[in-house]
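The chain contents come next:
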Amino acid sequence: MTSSGNYQKHAALARPGYGDYGRVELGILGTSCSEIQKLAAALIRDLCPRVGCAYVDADHKEGDQLMDGKGSPDSLMHSPGVMEYRDKIVYQRLDMRLAETTVFDQREWFNRQDLILINANHFKALNQVLVIDPAKPMDKKLHKLTEVSLFLLKDGASEIPVAIKEHLKGWKSIPVVKFDEQKEITRFVSEFVRARIPKINGLVLVGGKSTRMGTDKSELSYHGSSQKDHLLELATPHCEEVFLSCNSSQADRWSGQYPVISDKILGLGPFGGIVSAFMERPESAWLTLACDLPFLTKDTLAYLVRHRNPSKLATAFLDPKGEFPEPLITLWEPRAYPVLMRFLSQGYSCPRKVLINSSIELLNAPDPGEFRNVNRPEDHEAALEALRASKN
């Protein structure tokens, strides 16, 4: 938003393509709520656990009772503003009676999920499955249609109604499946989710001060070119684009020569570099590489990408000691962005801390020796000698 004087009230941040609940939403509408609930339950049984699913629906019965001062006398929900958390051993339950919630709250709640199924009779969704049900004609509800991705024909329906054809100009390209063909519906939804797995961008972290080395570590040469150029080359086959994560002085020096992302949050080291990348491309997954790893090979990067689990917050290797995740050779999914900011708001700026306390895919590296980092001049000389010896 700008004023008449072209004053911009808010920073021009890139925003992820969220719906009201998340990035990948499928709303089901056009039939009764009970049928929608059955279909959603069947899909969740078919897809879980390989796809993390959520279901959104409305149930006003108990709320109406509470508003009338009735309902279960034992319910804590009689008290406005209360929250009740219960650990149910195999699942957790959180009930809240808040004055209001917003899409910003909801997006955080559903951040872990790969797919959010929504009863679109009640709520909006980015994409929709439209059931053609003769008992529930949509003629007067066409305004509810957003981006229809699949038609389901209930018993008694053999074609798409004229009113819907006229409303949806691209209706001919939308797949049609019978409502009782559960395997076909599951196959479609699986492919729908798979097609929305985020693309990978690369981030070579070169913004440190190199205090112990006494010179910029990214400019050191181990393989016939600067380390930053070498890592850009290693990452390129696995990424849509690869960037140097750098400080402002480096950005001024390299802009135009290299694709760069300058630190937007200062004084946070690699954590700030990762967050800065998400601030520019929040829809991307980010393959982060520290610049002081001269032994890292293309085979190890290929192994990491091949074993990527996009349902997790990140895919990472165990460190050489086999104790903790190695944070700077990591594939961070877009869902990591709000989690990183949450940790920062609680006073933590360590990427490893985030990985340790999150649901991640943790791998054993093919060769942990490749994670040997080089921070001092004597380390640099030893690394050069070891690399020369390995070629003989």
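Check the entry above for the structure.
Our subject in this report is the structure included herewith. Numbers given for residues are sequential positions, taken from 1 along each chain in its written order. For this predicted model, a pLDDT threshold of at least 70 governs which residues receive local features, and a threshold of 80 or more governs which side-chain atom pairs are given and counted, while totals over whole chains, interfaces and linings are taken from all residues. By convention in this description, side-chain values take in all heavy atoms of the structure and omit both hydrogens and water.

### As for the overall build of the protein
Next, step 1: For the protein, the helix and strand inventory stands at 12 helices and 15 strands.
Next, step 2: When the backbone C-alpha atoms are referred to their principal axes, the protein occupies close to 75 × 55 × 50 Å.
Next, step 3: Residue burial in the protein is summarised as follows: out of 392 residues, 44% are buried.
Next, step 4: For the protein, restricting intrachain contacts to residue pairs at least 6 apart in sequence, the fraction spanning at least 24 positions comes to 66%.
Next, step 5: All accessible areas in this document rest on Shrake-Rupley with a 1.4 Å probe, and a residue is counted as covered only by the protein chains that are shown. Carbon and sulfur atoms make up 50% of the accessible area of the protein, which amounts to about 21,400 Å² in all.
Next, step 6: Here the protein contributes 49 positive and 50 negative side-chain charges, whose respective centroids are spaced 2 Å apart. The way it works is that DSSP assigns letters per residue, a run of H or I at least four long becomes a helix, a run of E at least two long becomes a strand, and they are numbered from the N terminus. Throughout, exposure labels follow a simple rule: accessible area from a 1.4 Å probe, protein chains only, divided by the maximum for the residue type, with under 20% read as buried, over 50% as exposed, and the rest as partly exposed. Any pair of residues with heavy atoms lying within 4.5 Å of one another is described as a contacting pair. When charges are counted, Lys and Arg contribute as positive and Asp and Glu as negative, whereas His and the chain ends are disregarded. Where a charge lies is defined by one atom per residue type, namely NZ (Lys), CZ (Arg), CG (Asp) and CD (Glu).

### What about the packing of helix 8 (residues 269–280) against helix 10 (residues 336–345)?
Next, step 1: Orientation is described by axes fitted as lines to C-alpha atoms, over the contacting stretch for helices, and by angles from 0 to 180 degrees between their N-to-C directions. Interaxial distance between helix 8 and helix 10 falls to 10 Å at its minimum, and their mutual angle equals 135 degrees. Classed by the angle they form, the pair helix 8 and helix 10 counts as oblique. The chirality of how helix 8 crosses helix 10 is left-handed. From helix 8, Phe271, Ile274, Val275, Phe278 and Met279 reach across to helix 10, where they touch Ala336, Tyr337, Leu340, Met341 and Leu344.
Next, step 2: Tallied by class, residues from the contact of helix 8 with helix 10 come to 10 nonpolar, no polar and no charged. Convention used here: angles under 35 degrees read as roughly parallel, angles over 145 as roughly antiparallel, angles from 65 to 115 as roughly perpendicular, and any remaining angle as oblique. In this scheme the handedness of a crossing depends on how the near helix is turned from the far one: anticlockwise by less than a right angle means left-handed, clockwise means right-handed. Polar here means any residue outside two lists: the nonpolar Ala, Val, Leu, Ile, Met, Phe, Trp, Tyr, Cys and Pro, and the charged Asp, Glu, Lys and Arg; Gly therefore counts as polar.

### Observations regarding the packing of aromatic side chains
Next, step 1: In this scheme Phe, Tyr and Trp rings, the latter by its six-membered ring, pair at centre separations within 6.5 Å, and the angle between planes marks the pair as stacked below 30 degrees, edge-to-face above 60, and tilted otherwise. Enumeration over the complete set of coordinates arrives at 9 aromatic pairs.
Next, step 2: Taken together, a centroid distance of 5.5 Å and an interplanar angle of 10 degrees make the contact between Phe278 and Tyr337 stacked. Of this pair, Phe278 sits in helix 8 while Tyr337 sits in helix 10, placing them 59 residues apart in sequence. Take Phe278 and Tyr337: they sit in the same class, and that class is buried.
Next, step 3: Counted as over-ring charges are cases with an Arg CZ or a Lys NZ within 6 Å of the ring centre that also lie within 35 degrees of the ring normal. It is Arg107 that lies over the ring of Phe104; its NZ or CZ is 5.5 Å from the centre.
Next, step 4: The positively charged end of Lys154 is found above the aromatic ring belonging to Phe179, 4.7 Å away from the centroid.

### Considerations on the sheet that holds strand 12 (residues 285–290)
Two pairing modes exist for strands in a sheet, parallel and antiparallel, and in both the strands are linked by backbone hydrogen bonds.
Next, step 1: Strand order in the open sheet formed by 7 strands is 11-10-9-12-14-13-15, and the pairing between neighbours is mixed. Of all the strands in the sheet, the pair left with one neighbour each is strand 11 (260–262) and strand 15 (361–363). Ignoring which end each strand starts from, the neighbouring axes of this sheet average 30 degrees apart.
Next, step 2: Packed on one face of the sheet, helix 6 (residues 227–235) meets strand 9 (200–205), strand 10 (242–246) and strand 12 and runs near 145 degrees to strand 10. Note on pairing: DSSP must find at least two bridges between two strands before they are called paired.

### Focus on the pairing of strand 14 (residues 325–332)
Next, step 1: Counting buried positions along strand 14 gives 8 out of 8 residues, so the element sits mostly inside the fold.
Next, step 2: Across 4 bridges, strand 12 lies against strand 14 in antiparallel orientation. Residue pairing across strands places Thr288 opposite Thr330, the latter belonging to strand 14.
Next, step 3: Both strand 13 (residues 314–318) and strand 14 contribute to a ladder of 5 bridges, which runs antiparallel. Bridge assignment links Ala314 to a residue of strand 14, and that residue is Trp332.
Next, step 4: Between strand 13 and strand 14, which pair antiparallel and follow one another directly, the connecting turn spans 6 residues, one of which, Gly322, has a positive phi of 70 degrees.

### With respect to the nonpolar core
Next, step 1: As used here, the term nonpolar core means buried Ala, Val, Leu, Ile, Met, Phe, Trp, Tyr and Cys residues forming a set that is joined through side-chain atoms within 4.5 Å. Residues Phe278, Leu296, Leu313, Ile329, Trp332, Leu340 and Val354 are the most contacted members of the largest nonpolar core, which totals 53 residues.
Next, step 2: For this core, the leading source of residues is helix 8, giving 6 residues.
Next, step 3: Each residue touching Trp332, except ones within four places of it in the same chain, is listed here: Ile274, Phe278, Ala285, Trp286, Thr288, Leu313, Ala314, Pro327, Leu340, Pro351, Val354 and Leu355.
Next, step 4: Judged by nonpolar contacts, the second largest core, of 23 residues, contains Ile28, Leu47, Cys53 and Leu152.

### Some details on the sheet that holds strand 8 (residues 176–178)
Next, step 1: Spatially, the 6 strands line up as an open sheet ordered 2-5-1-6-7-8, and their pairing is parallel. Since the sheet does not close on itself, it has two edges, and those belong to strand 2 (53–56) and strand 8, each with one partner. With strand direction ignored, the average angle separating the axes of adjacent strands in the sheet is 25 degrees.
Next, step 2: The sheet contact formed by strand 7 (residues 148–153) and strand 8 spans 3 bridges and is parallel.

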